[in-house]
Amino acid sequence: MARTKALQNVGITYDGDNLQSHLNTASFNAVVEAIESTTFASSAMEQGPGAPSFSIDIGGPWSKTLDDFLRPDVLTPSDTLKTLVYFVGPSGSRVTYTWTASGSTTGSFISNYTINADNPMGDITWSGTLTISGSPSIT
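Residues numbered from 1 in each chain as written. Predicted model: local features only at pLDDT ≥ 70, side-chain atom pairs only at ≥ 80, totals over all residues. Heavy atoms only, no water.

### Notes on the sheet that holds strand β2 (residues 17-18)
Within the open sheet, the 5 strands sit side by side as β2-β1-β5-β6-β9. Their pairing is antiparallel. A strand with exactly one partner marks an edge of an open sheet, and here the two such strands are β2 and β9 (137-138). Both strand β1 (residues 10-14) and β2 contribute to a ladder of 2 bridges, which runs antiparallel. Bridging across to β2, Tyr14 finds its partner in Asp17. (Pairing = 2+ DSSP bridges. Helix = DSSP H or I, 4+ residues; strand = E, 2+ residues; numbered from the N terminus.)

### Describing a nonpolar patch on the surface
Side chains of Trp62, Ile115 and Ile124 sit close together on the surface and give an oily, nonpolar patch of about 250 Å² of accessible area. As for its placement among the helices and strands, Ile115 is situated in strand β7 (residues 107-116). According to the relative accessible area criterion, Ile115 is partly exposed, its value standing at 43%. (Patch = residues over 30% accessible without salt bridge, like charges linked within 9 Å, V, L, I, M, F, W, Y side chains within 5 Å. Areas by Shrake-Rupley, 256 points an atom, 1.4 Å probe, with all protein chains shown as cover. Salt bridge = Lys/Arg side-chain N within 4 Å of Asp/Glu carboxyl O. Buried < 20%, exposed > 50% of the residue type's maximum accessible area, 1.4 Å probe, protein only.)

### Structural notes on the pairing of β1
With 5 bridges connecting them, β1 and strand β5 (residues 84-88) associate as antiparallel partners. The partner of Gly11 across the bridge, within β5, is Phe87. In sequence, β1 turns back onto β2 through a hairpin of 2 residues, with Asp15 there showing a positive phi of about 55 degrees.

Without other data, these values stay purely geometric and don't point to any function.
Structure representation (structure tokens):
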């Protein structure tokens with residue numbers, strides 16, 4: 001299996017803003033909820049698949065530019081979700097996930113926004129979670 005470096009092969013556009021230059025970490029999470037259906041007649045725990053949920057944990061070097069962009073969504077969250085595009089892989093074998101904002105049913109919002117200044121000799125960094133509603137279109 002060929003190795004794929006993350007450098008220049010991962011990108012996120014949130015509400016029209018390209019976050020790539022503000023990121024050094026991005027973890028895409030696709031979780032299918034496990035629905036427990038065990039009864040008194042069961043011989044062991046029984047589970048089945050439920051609905052999928054998606055989120056992307058992100059972070060990187062903090063800047064005022066980034067903070068100016070994310071701060072409004074953190075201080076006064078909108079009822080309207082934002083369009084999110086996430087791509088992974090090199091050109092030619094790239095997978096792109098897109099959640100096109102549609103009111104409060106499809107799209108994303110920023111949550112868990114944290115500014116980290118935990119090392120006096122190190123850089124100020126940030127982290128957050130793009131919490132996602134709905135299913136993506138995939139190309």
